[in-house]
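Architecture and fold: a report
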Amino acid sequence: MRRVSFFRWTLILVPCLVLFFMAPLVLSKYLVFILNLLAVYVLVAIGLNFVMGYTGQISTGHAAFLALGAYFTAICATRASSLPFYVLLPMAGCFAGLVGFLLGIPILRLRGFYIAMVTLAFGAVVSEIALQWSSLTHGDDGLRVPSAFLGTFVFDSDKRLFYLIQPVTILLILAARNIVSTRVGRAFLAIRQSETAAQTLGINLSWYKTSAFALSAFYTGVAGALFAYAMTHITPDSFSLSTSIDFIAMIVIGGMGSIFGSIIGAVILTAIQQLLGSLAEVQMLVFGIALIVFMIFMPRGISGALRSWRAAVKARKKQSLENTPKGEGYP
Amino acid sequence: MKATGRKAIFVIFLFLLFFGLVSRGSAAEVGVSADSVTVGCSNSFSGPLAFCGLEMVKYGAEIYFKQINDQGGVQGRKVIMKSYDDGYDPTKALVNTKRLVEQDKVFCILEPQGSSPVEATIDYLEQQKVPLLFPFQGLPLKGRMVFTAHTVYPREAEIVVDWMVQKKGFKRIGMIYQDDAYGYTYRDTATPRLKSMNMELAAQEPVKRTSIDLSAQMAKLSQDNLDALWMILTPGPGAMAIKEAKKEGWTKTKLFATGPLTDESFIILSGGEGEGVWGFSDWPDPVHSKKPAIAEYRAALQKYAAGHVPNRYSLFGYFYAKLFAEALNRAGKDVTREKLVTTMESMKNWENGVIPPVSFSKDSHAAEQSGFMVEVKNNVFQPLSGWVSLENGKLVERPLGE
């Protein structure tokens with residue numbers, strides 16, 4: 001029965017994936033560009049979810065990890081032009097991950113508000129370094145990013161970049177899905193529920209909390225590298241506090257502690273940005289109101305609400321089956 | 001697996017539903033229809049340059065287009081302007097520009113603002129062969145499809161150095177400059193220019209873009225016994241510099257503002273301390289000038305935005321919209337992007353009544369290559385010179401024509 005089910009889902013999933021990868025052939029270049037940005041935001045949301053959604057640590061400076069990945073890629077691609085993207089992407093992720101690990105160590109003893117303040121300060125420091133270290137980063141004039149390449153094939157258009165960014169994103173989504181299904185993911189959730197209880201169960205708090213930061217930073221660093229390729233030109237202005245707040249809004253709206261929620265949150269953020277493109281101040285108002293509304297009325301986000309709805313439907317179905325007298329539709 | 005598969009399909013379906021599987025056809029020329037031409041720009045309507053952006057687009061270009069649309073448009077086509085806010089963020093500028101070109105299908109990009117946001121879009125626009133017309137910034141820009149507006153910073157720097165040394169006899173010139181491409185351009189042009197005259201910058205102090213306190217830099221500069229201090233700053237820090245100079249009791253040193261800084265707004269910000277400040281101006285006085293073309297601008301502003309105060313930014317927007325319309329008209333009914341560019345390259349000595357006659361060529365896509373010196377008197381910039389330019393390396397002055 002399970003094998004038939006797997007076969008059936010594969011029959012549906014594979015054509016959908018084929019259709020998805022045919023999108024650049026039929027969609028406009030701008031929509032393909034938006035899909036690429038969306039994929040970057042999905043990775044950022046997943047990264048942020050590791051630290052906020054799964055381990056309950058608040059990070060208000062996550063744009064800094066995006067900046068680290070982006071600048072690492074731009075600088076290395078410029079100064080070592082022979083490095084292909086499949087070397088640069090993991091290097092950017094590891095660089096950001098290492099910084100995340102080192103940041104995670106000193107903030108281990110902190111809770112709630114204090115972690116938020118430290119990560120906020122971290123974001124400001126990274127932004128300021130990008131601005132002031134102009135000999136390396138070109139300050140607020142920004143850095144041009146050379147195109148990614150594979151042999152002689154150059155990813156120098158949004159449609160070509162689609163075939164780099166989307167597969168990387170899908171692979172990392174699957175990897176994230178696996179991580180949260182393992183002992184590591186269960187340890188993260190246990191820490192979020194109660195650090196005391198988790199410790200009692202033998203979970204090494206220091207190790208897992210620091211690892212969450214490192215993993216989160218790795219994902220966001222890779223997202224930063226892809227962002228740099230997509231934008232072709234990066235400046236410190238692209239990694240501000242408001243960007244970090246947008247990322248938090250994504251996972252609050254989409255659903256904390258959920259990979260699926262990360263995707264929904266990224267789609268909604270991108271949609272709002274596009275619909276309100278000419279009204280930047282209204283955009284900020286909409287985000288702010290959405291954040292407040294969701295935190296009060298839907299704290300588990302859209303994915304949490306969908307899960308609750310499905311559970312309620314299942315429970316009602318079970319109830320109605322139990323209430324049905326034998327002989328009436330009962331096997 | 002069941003739940004994962006369902007979620008994956010839902011996600012893919014979400015993408016496809018949201019974005020649509022629609023193939024897009026192409027028009028005869030992008031952005032041009034039988035009765036309209038659509039132009040676009042990404043500009044600052046929020047953030048540090050919001051005032052400039054709103055003035056040049058909403059109270060400049062759009063005012064001009066309303067005026068000509070009411071008169072029947074250009075070659076029977078109304079000109080429509082679409083604009084998005086980038087808040088001086090280069091990332092948003094690129095996203096907006098791609099949206100304008102690929103989704104809104106604009107004919108050209110007209111009057112974007114800011115060196116960094118504009119630089120972020122240039123490679124893309126050249127690749128797409130979309131004209132980039134008259135950005136409000138002063139770095140030299142290279143590109144087949146790029147036409148610049150006011151005098152570029154290196155040319156302005158050369159003119160000002162020559163004028164200060166040859167006309168005013170200044171020996172000790174100092175500089176306080178924004179620590180980015182804007183400031184470096186003036187510094188790196190002035191230094192060799194002065195060296196060719198066996199001189200050098202007597203003092204120089206960089207200022208970070210986000211700085212609001214210039215007291216340390218001004219205190220150092222007050223020790224240098226300068227004839228002139230050249231301020232390569234934005235209005236906020238520029239006003240701070242003037243206030244600090246007043247506080248330090250400067251009497252001998254002349255403060256000199258760059259072209260982008262020379263506007264009444266920074267005089268207002270300095271709280272009336274700007275009396276006697278000199279500057280390089282690209283524009284006649286938008287409020288007091290008696291030139292018919294400037295009076296026409298004021299009348300249009302009064303008609304379509306009654307009560308709005310004229311200023312150099314909205315005059316910029318109005319003037320360059322007018323120049324665009326002139327080029328569009330000359331290109332004829334069957335206009336294309338390429339034809340617009342070649343038409344503009346053939347424009348010679350276009351008399352406009354605002355700035356010296358505009359000429360373009362294959363090798364020169366710069367609308368302005370001159371300016372005139374001004375001094376603040378009673379909170380108004382009064383002319384100190386005629387139109388000053390460099391021709392064959394020599395300083396040339398022509399009457400202002402007021």
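Predicted, not measured: the structure shown is a model, and the values here were computed from it. (Residues numbered from 1 in each chain as written. Chains lettered and ligands numbered in written order. Predicted model: local features only at pLDDT ≥ 70, side-chain atom pairs only at ≥ 80, totals over all residues.)

A closer look at the overall build of chain B
Quick reminder of the rule: Numbering goes from the N terminus for both helices and strands, where a helix is a DSSP run of H or I of at least four residues and a strand is a run of E of at least two. Radius of gyration: over C-alpha atoms. The globule rule applied is 2.2 Å multiplied by the number of residues raised to the 0.38 power. Backbone-placed C-beta atoms define the burial measure: a residue is buried with 20 or more other C-beta atoms within 10 Å of its own, exposed with 12 or fewer, and partly exposed in between. A pair of residues counts as a contact when their C-beta atoms, built from backbone coordinates, are within 7 Å of each other.
Helix and strand counts for chain B come out as 12 helices and 14 strands. For chain B, the C-alpha radius of gyration of 23 Å lies close to 21 Å, the compact-globule estimate for 402 residues. If one aligns the C-alpha atoms of chain B with their principal axes, the spans along those axes are about 75 × 60 × 45 Å. Residue burial in chain B is summarised as follows: out of 402 residues, 50% are buried. Contacts spanning at least 24 positions in sequence make up 67% of the contacts within chain B whose residues lie at least 6 apart.

A short note on the overall build of chain A
When helices and strands are counted, chain A shows 15 helices and 4 strands. Here the C-alpha atoms of chain A give a radius of gyration of 21 Å, agreeing with the 20 Å that 2.2 N^0.38 yields for 331 residues. The 331 residues of chain A split such that 47% are buried. Partitioning the contacts of chain A with sequence separation of at least 6, the portion at a separation of at least 24 is 78%.

Overview of helix 12 (residues 241-254) of chain A
Residues and elements named next belong to chain A. Formally: By definition here, a helix of n residues has an expected span of 1.5 Å times n minus one.
Spanning 14 residues, helix 12 covers 20 Å between terminal C-alpha atoms, matching the ideal 20 Å at 1.5 Å per step. Where burial is concerned, most of helix 12 is hidden: 11 out of the 14 residues are buried. Just beyond helix 12, the residue with positive phi is glycine 255, at close to 130°.

Some remarks on the domain arrangement of chain B
Residue and element names in this part refer to chain B. Heads up, the rule is: What marks off one domain from the next here is an automatic or database domain assignment. Under the convention adopted here, Pro, Cys and the residues Ala, Val, Leu, Ile, Met, Phe, Trp and Tyr are nonpolar, Asp, Glu, Lys and Arg are charged, and Gly plus all remaining residues are polar.
The domain boundaries assigned to chain B delineate domain 1 (36-151 + 289-368) and domain 2 (153-281 + 371-398). Here the C-alpha centre of domain 2 lies 28 Å away from the C-alpha centre of domain 1. Between domain 1 and domain 2, the residue contacts involve 10 residues of the former and 15 residues of the latter. Its residues assigned to classes, the side of domain 1 that touches domain 2 shows 4 nonpolar, 5 polar and 1 charged.

Describing the environment of isoleucine 203 of chain A
Residue and element names in this part refer to chain A. Note on placement: isoleucine 203 falls in the loop between helix 10 (195-200) and helix 11 (205-231). Between the C-alpha atoms of isoleucine 203 and arginine 192, which are 11 residues apart in sequence, the distance is 12 Å. Residues within four places of isoleucine 203 in sequence aside, it is in contact with Ala187, Ala190, Ile191, Ala198 and Tyr208.

Regarding the sheet that holds strand 1 (residues 36-43) of chain B
Residues and elements named next belong to chain B. The cut-off we apply is this: Should DSSP find at least two bridges between two strands, the strands are taken to pair. Lines fitted to the C-alpha atoms define the axes, with helices restricted to the stretch that makes contact. Angles between their N-to-C directions range from 0 to 180 degrees.
If you walk across this open sheet you meet the 5 strands as 2-1-3-4-5, and the pairing is parallel. The strands lining the two open edges of the sheet, one partner per strand, are strand 2 (78-85) and strand 5 (146-147). Sheet topology note: the strand 4 (residues 132-133)/strand 5 ladder contains 2 bridges and is parallel. Of the residues in strand 5, the one forming a bridge with leucine 132 is valine 146. The sheet strands contacting helix 3 (residues 90-103) are strand 1, strand 2 and strand 3 (108-110), and the helix crosses strand 1 at an angle near 170°.

A look at the pairing of strand 8 (residues 228-232) of chain B
All names here are of chain B. Counted only if it meets this: A clockwise path from the first strand over the helix to the second, with the strands pointing away from the viewer, defines a right-handed crossover.
Judged by how many residues are buried, strand 8 sits mostly within the fold: 5 of 5 residues are covered. In the sheet, strand 6 (residues 173-178) pairs with strand 8 via 5 bridges, with the strands oriented parallel. Of the residues in strand 8, the one forming a bridge with glycine 174 is leucine 229. Judged from the 4 bridges that link them, strand 8 and strand 9 (residues 254-257) form a sheet pairing that is parallel. Its bridge partner lying in strand 9, alanine 228 is registered against lysine 254. Handedness of the crossover is the feature at issue here: the chain leaves strand 8, passes through helix 8 (residues 235-248), returns alongside strand 9, and the resulting connection is right-handed.

Section: the pairing of strand 14 (residues 394-398) of chain B
Residues and elements named next belong to chain B. Pairing of strand 13 (residues 387-391) with strand 14, which is carried by 5 bridges, proceeds in the antiparallel orientation. The residue of strand 14 that forms the bridge with glutamate 391 is lysine 394. Between strand 13 and strand 14, which follow one another and run antiparallel, lie 2 residues, and asparagine 392 among them has a positive phi close to 55°.

Some remarks on helix 11 (residues 312-331) of chain B
Counted at 1.5 Å a residue, the expected span for helix 11 of chain B with its 20 residues is 28 Å, and the 28 Å between its end C-alpha atoms agrees. Counting buried positions over the 20 residues of helix 11 of chain B gives 17, a clear majority of the element.

Here's the deal with the packing of helix 12 of chain A against helix 15 (residues 301-323) of chain A
If you want to describe how two helices pack, look at the angle between their axes and the distance between the axes. Residue and element names in this part refer to chain A. The criterion, for reference: An angle below 35 degrees is read as roughly parallel, one above 145 as roughly antiparallel, one from 65 to 115 as roughly perpendicular, and any other as oblique.
In contact at an axis separation of 3 Å, helix 12 and helix 15 are set at 5° when each is read in the N-to-C sense. The angle between the axes of helix 12 and helix 15 places the two elements in the roughly parallel class. Two secondary-structure elements touch here, helix 12 through Val252, Ile253 and Gly254 and helix 15 through Gly301, Ile302 and Ser303.

Some words on the environment of phenylalanine 113 of chain A
Residue and element names in this part refer to chain A. Within the secondary structure, phenylalanine 113 is located in helix 6 (residues 112-132). A count of 9 C-beta atoms within 10 Å places phenylalanine 113 in the exposed class. Put simply, phenylalanine 113 and glutamine 57 are 56 residues apart on the chain and 9.4 Å apart in space, counted from C-alpha to C-alpha.

What about the confidence of the model for chain B?
Residues and elements named next belong to chain B. Condition: Scored from 0 to 100, pLDDT records how confident the predictor is in each individual residue.
Chain-level pLDDT for chain B is 89 on average; 92% of the residues reach the 70-or-more range. In this model residues 20-27 is a low-confidence stretch, pLDDT under 50, and it forms 5 contacts with partners more than four residues away in sequence or in other chains. Complex prediction metrics read pTM 0.81 and ipTM 0.75.

With respect to unusual backbone geometry
All names here are of chain B. Here asparagine 198, not a glycine, exhibits a phi torsion of approximately 60°, which is positive. Looking at the element boundaries, asparagine 198 is found in the loop between helix 6 (181-195) and strand 7 (203-207). Residue asparagine 198 is classed as exposed on the basis of its 6 C-beta neighbours within 10 Å. We note that asparagine 392 has phi near 55°; this positive angle belongs to a residue other than glycine. Turning to its location among the elements, asparagine 392 is positioned in the loop between strand 13 and strand 14. Looking at asparagine 392, the number of C-beta atoms within 10 Å reads 5, which means it is exposed.

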